[in-house]
Amino acid sequence: MERTDFMMRTRTLSAIMLLLSLCGCKVGPNYQRPAVDVPGQYRGLAPNLPPQPPNDSFAQMQWQSVFQDKVLQELIAESLKNNYDMRIAAVHILEAQAALGVARAGQLPTLSGSFGVQNVRQEPTAAGSPTIDTAGLQFNYLVDFWGQFRRATESARASLLATSYARNLVQTTLIASVASTYFQLRGMDAELEFSRQSVLADRESQRINEINFKGGEYAITDVYQAQLLVQQAEAEVITLDQTIQQTENALSILLGRNPGPILRGLALTDEPHLTEVPAGLPSAILERRPDVRQAEESLVAANANIGVAKAAFFPQIPLTATFGAASTALTSFLQGPATFWTIGGELAQPLYAGGAITNRYRLAKAQRDEAELDYRQTVQQAFEDVSNSLIGYTQAQKYRAKIEEQTATYKETSRLASVRFKGGATSFLEVLTTQQQYFTSELNLQQAWSAELQGYVALYQALGGGWQ
């Protein structure tokens, strides 16, 4: 009869829990995305290229379409698999998932079991008494009437999303770093090749000058000036060889490897890239940039934490139930008078906590305000990044084209100076000067190609990097 009565009371308790949950509310503000000042179009956008719909923008392109060098694609794929920052970011997601599970568990009741053995001796009426075995189940539930656990779950879920977007940010940054470093490496490869060719050509000029000096046709200064050209080119080879190996080491670390050599693909001047980039609508940045999405989810989490802190001002409603049995023998468990049960509930209202509850609420509000400011700043920074990248990429193309013209002019000037010197119309100093100018301009041209492609990478990253 007691068990039947207990079951009836348990059903009553469950109904009360359900009723309280349905009647409950969620204190604290519901999240609304803050209004931000979104420009009509990006500054730096090419005048003949109006903003495109988001689906047609550069940011929507996957990295395999943006970077078509097969070797570069293999390097990026390897980095996404083995890079330690990516692997750490993946672990952070697992941590956030576990934290969400912990927060969600607060909305559910707990059930615990116990078993005990107690030896009872009563003096002097009894020389001994039997061992009493007890077993029971304890049920506890804190009614989420004010929504504190639901707000905590909302915060944890937003933190999980923020962590996921943080991983996407690591991904876009990693892709950009690998591509930018690779283009930098290919630029130095081209500089090194030109420097080595210059060494061979300059040594030949030095050899001819030495022969003509011995024949009495040239002055010793012509020999010294030829030596200067050789020394300049040889010094550049040494410097570039050092920098190339160090850049290979840096790229190896991005790939998750120990320092070592890096495979090469297309020449820098053969790398496919768009000359005019459709940037899309500025409003798409709010959805496309992983750092913007991360900042917004952090704001959502901070906003939900206000509700958690505010709920502490209101009464708490814990419900408990216990069912168990006690007997001097295991065979008599669950029979008649050996069983016991309790069902209860209470209303607990905090009266004084030394200001802790109030200050936790103030802290939550301040953290929410800070998160909103961080979100607004991140959005504004995103618009600046895109504008700077558009301007940088456009100007880098113009600069590279101008250096190409300059290099062609220096090359022709150097050729004519050599012809004039061989014809006796000028000194070797003119040859030295024009060849040094051509040498420097050729190196600048390779650096300009590298800067243009790195600007291409920076623009792709600034627009969101196709992380979806």
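Residues numbered from 1 in each chain as written. Predicted model: local features only at pLDDT ≥ 70, side-chain atom pairs only at ≥ 80, totals over all residues. Heavy atoms only, no water.

Brief notes about the overall build of the protein chain
Move 1: Broken down by element type, the protein chain carries 10 helices and 4 strands.
Move 2: Start at the N end of the protein chain and walk to the C end: the helices and strands fall as α-α-α-α-β-β-α-α-α-α-β-β-α-α.
Move 3: Looking at the protein chain as a whole, 41% of its 468 residues are labelled buried.
Move 4: Counted over contacts in the protein chain with a minimum sequence separation of 6, partners at least 24 positions apart contribute 82%.
Move 5: As displayed, the protein chain has an accessible area near 24800 Å², and 56% of this comes from carbon and sulfur atoms. (Helix = DSSP H or I, 4+ residues; strand = E, 2+ residues; numbered from the N terminus. Buried < 20%, exposed > 50% of the residue type's maximum accessible area, 1.4 Å probe, protein only. Contact = heavy atoms within 4.5 Å. Areas by Shrake-Rupley, 256 points an atom, 1.4 Å probe, with all protein chains shown as cover.)

As for the layout of surface pockets
Move 1: By volume, the largest pocket amounts to about 510 Å³.
Move 2: Lining the largest pocket are 25 residues, with Ala-201, Asp-202, Ser-205, Ser-418 and Gln-435 positioned closest to its centre.
Move 3: Listing elements by their share of the lining of the largest pocket, those giving two or more residues are α5 (148-214), α6 (220-254), α9 (356-422) and α10 (428-462).
Move 4: Partitioned by chemical class, the residues of the lining of the largest pocket number 11 nonpolar, 8 polar and 6 charged. (1 Å grid on protein atoms, 1.4 Å probe; cavity = no way out; pocket = protein on both sides within 12 Å on 5 of 7 lines; lining within 4 Å. Points joined across faces, edges and corners; volume = space filled by probe spheres on them. Nonpolar A, V, L, I, M, F, W, Y, C, P; charged D, E, K, R; others polar.)

Notes on the packing of helix α3 (residues 70-82) against helix α4 (residues 84-105)
Move 1: Viewed as axis vectors pointing N to C, α3 and α4 meet at an angle of 40°, and their least axial separation amounts to 6 Å. Classified by the angle their axes make, α3 and α4 are oblique. Residue-level contacts link Ser-79, Leu-80, Lys-81 and Asn-82 of α3 to Tyr-84, Met-86 and Arg-87 of α4.
Move 2: Tallied by class, the residues present in the contact of α3 with α4 amount to 3 nonpolar, 2 polar and 2 charged. (Axes fitted to C-alpha atoms, helices over the stretch in contact; angles between N-to-C directions. Parallel < 35°, antiparallel > 145°, perpendicular 65-115°, else oblique.)

Considerations on the nonpolar core
Move 1: With 61 residues, the main nonpolar core has Tyr-42, Phe-58, Phe-67, Leu-72, Leu-75, Phe-183 and Leu-463 as its most contacted residues.
Move 2: Listed by contribution, the elements that provide at least two residues to this core are α2 (63-66), α3, α5, α6, α7 (285-288), α8 (290-311), α9 and α10.
Move 3: Per-element tally for this core: the top contributor is α5, with 12 residues. (Core = buried A, V, L, I, M, F, W, Y, C linked by side-chain atoms within 4.5 Å.)

Regarding the pattern of salt bridges
Move 1: Taken as a whole and assessed by the stated rule, the structure comprises 19 salt bridges.
Move 2: Between Arg-203 and Glu-234 there is a salt bridge, with the nearest N and O atoms lying 2.6 Å from each other. Placement of the pair is Arg-203 in helix α5 and Glu-234 in helix α6, with a sequence separation of 31 residues.
Move 3: Judged by relative accessible area, Arg-203 falls into the partly exposed class, the value being 43%.
Move 4: Among the salt bridges present, the one from Asp-385 reaches Arg-289, with a minimum N-O distance of 3.0 Å. (Salt bridge = Lys/Arg side-chain N within 4 Å of Asp/Glu carboxyl O.)

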